[in-house]
Amino acid sequence: MADEGQGSPAGESDFPHIIDVVMEMGRAPEELPAEAPSPPLPVVGPKPRLPAHLEKLADRARDYVEAASSANTRRAYASDWKQFASWCRRQGVEMFPPDPQVVGLYITACASGKATGDKKPNSVATIERRLSSLTWNCAQRGQPLDRKDRHIATVMAGIRNKHASPPRQKEAILPEDLIAMLETLDRGTLRGLRDRAMLLIGFAGGLRRSEIVGLDCGRDQTEDGRGWIEILDKGVLVTLRGKTGWREVEIGRGSSDATCPVVAIETWLKLGRIGHGPLFRRVTGQGKAVGADRLNDQEVARLVKRTALAAGVRGDLPEGERGKLFAGHSLRAGLASSAEVEERHVQKQLGHASAEMTRKYQRRRDRFRVNLTKAAGL
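Note that the structure is a prediction, hence the values are computed from the model and not measured.

(A) Representation of the overall build of the protein. Per the secondary structure count, the protein includes 16 helices and six strands. Considering only intrachain contacts with a sequence separation of at least 6, the fraction spanning at least 24 residues in the protein is 57%. Accessible surface for the protein amounts to roughly 21,700 Å². Of this, 52% is attributable to carbon and sulfur atoms.

(B) Summary view of the pattern of salt bridges. Under the definition given, this model contains 16 salt bridges. Taking the shortest distance from any N to any O, the salt bridge between Glu128 and Arg147 comes out at 3.6 Å. Placement of the pair is Glu128 in helix α5 (residues 124-140) and Arg147 in the loop between α5 and α6 (150-163), with a sequence separation of 19 residues. Among the residues examined, Arg147 registers a relative accessible area of 29% and is labelled partly exposed. Here Arg219 ties to Asp220 by a salt bridge, and the two come within 3.7 Å at their closest N and O atoms. Taken as a pair, Arg219 and Asp220 share a single burial class, namely exposed. Through salt bridges with shared partners, one network takes in Asp80, Arg129 and Arg130.

(C) Quick peek at the packing of aromatic side chains. All told, the structure shown has seven aromatic pairs when counted by the stated rule. Measuring from centroid to centroid gives 6.2 Å for Trp81 and Phe96, while their planes differ by 50°, and the two rings are tilted. Of this pair, Trp81 sits in helix α3 (residues 71-91) while Phe96 sits in the loop between α3 and α4 (100-112), and the two are 15 residues apart along the sequence. Assigned by exposure class, Trp81 and Phe96 land together as buried.

(D) Structural detail: α4. Its 13 residues give α4 an end-to-end C-alpha distance of 18 Å, which sits within 8% of 18 Å, the value for a rise of 1.5 Å per residue. Among the residues making up α4, those that are buried are Pro100, Val102, Val103, Gly104, Tyr106, Ile107, Ala109, Cys110 and Ala111. At its buried positions, α4 is contacted by α3, α5 and α6. For α4, the N-terminal cap is Asp99; the gap from its side-chain oxygen to the backbone nitrogen of Gln101 is 2.9 Å.

(E) A look at the pairing of strand β2 (residues 227-231). Sheet analysis places strand β1 (residues 215-216) next to β2, joined by two bridges and oriented parallel. In the strand pairing of β2, Asp216 is matched with Trp228. For β2 and strand β3 (residues 235-242), the ladder comprises five bridges, and the chain directions are antiparallel. Paired with Trp228 across the bridge in β3 is Thr239. Connecting β2 to the next strand, β3, in antiparallel fashion are three residues.

So, how was this worked out
Per chain, residues are indexed from 1 in the order of the written sequence. Two thresholds apply to this predicted model, a pLDDT of at least 70 for residue-level local features and 80 or more for giving and counting side-chain atom pairs, whereas whole-chain, interface and lining totals are computed over all residues. To obtain the side-chain values, all non-hydrogen atoms of the structure were used and water was disregarded. Only DSSP runs of H or I reaching four residues or more are called helices, and only runs of E reaching two or more are called strands; each is numbered from the N terminus. When checking whether two residues touch, look at their non-hydrogen atoms; a contact exists if any pair is within 4.5 Å. With residues, only the protein chains shown are counted as cover, and all accessible areas are computed by Shrake-Rupley using a 1.4 Å probe. Any Lys or Arg side-chain nitrogen located within 4 Å of an Asp or Glu carboxyl oxygen qualifies as a salt bridge. Each residue is placed in one exposure class: buried if its accessible area under a 1.4 Å probe, protein chains only, is under 20% of its type's maximum, exposed if it is over 50%, and partly exposed if it falls in between. Between the rings of Phe, Tyr and Trp (Trp by its six-membered ring), a pair exists once the centres lie within 6.5 Å; its type follows the angle of the planes, with under 30 degrees stacked, over 60 edge-to-face, and the other angles tilted. Every helix has an expected span of 1.5 Å times one less than the residues it contains. The term polar contact refers here to a pair of N or O atoms within 3.5 Å; inside protein, the definition further demands a hydrogen-donor-capable atom paired with an acceptor-capable atom, and it admits residues adjacent in sequence only when both atoms are side-chain atoms. Strand pairing follows a simple DSSP-based rule, namely that at least 2 bridges must link the two strands.

As far as function goes, none of this settles anything; it's purely spatial.
Right, dumping it as structure tokens:
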């Protein structure tokens, strides 16, 4: 969770430490901070100190509140809240109680590019996320924001109708692209071996970047892990904790050692001397040692972009444009677009609830396989 700013201006606390009831439980009145966080939480009177035997439960409650959302979500919500607080201060309006009319004006400013000082307006997706952030943050402060109020809902509907555009999909990394990307990595270094394993398991498993770096070497080895691997004779069984619960992903062995994700993982584990804890870690000591810290999921996006550019993927485009095409999702899209199997198998591998979502990842599927024009007799 993001650290709270020290001595920050009014309205710019980075993130509420915890739901109000949990944050203040057990504090005597004299223990409350001399300066309330800004914007201030509603004053509901001092809360009695918790009995000693409940203090551990309060600590556990804090852990559960933090686990309710991903680190990326918490960072985004903190940033959005700070930005909204700054906008309110500049406009001379109060943040509390939350006024739907003020929020309606704020999202209007976002859509017109006048909320953050950016050179261009925010996208509809960004505005939607900021509205969700405001709703969440207000709820944590005991001051619910009604998103269905006409001052918000009607303005948001107008923004969608006027500014919404089709999503810009990341370029799919196809098998020939991936092989070329692997060749840009140094097989004689620990960093190169790690990066090979990350690319191959990410592609073959159709994994999200957070799922790749969230893997452990085994079950129940770390508190922040999102899953673990089990190496079997025929492949690797990956168990993942996703948005809708636990799921298993089966990654079979490749046709050759050079492109086999299982061999890549086994080599990384052996030469990196890793037997417990996070699977993918930072390489330290000028590339000669493996640290204990888990990689950040941003490292996956950087790896995909760096190797794709180095391999000349989509070399028909200008350098600046190519850099925007590749990200962690390029690996998932690549598997979905390349696997010559029934669609239901791809859907299961990617963990999608519907075939329609899977089709969004299939960049080169035959869109005109079913020709209703001819079927209708024309």
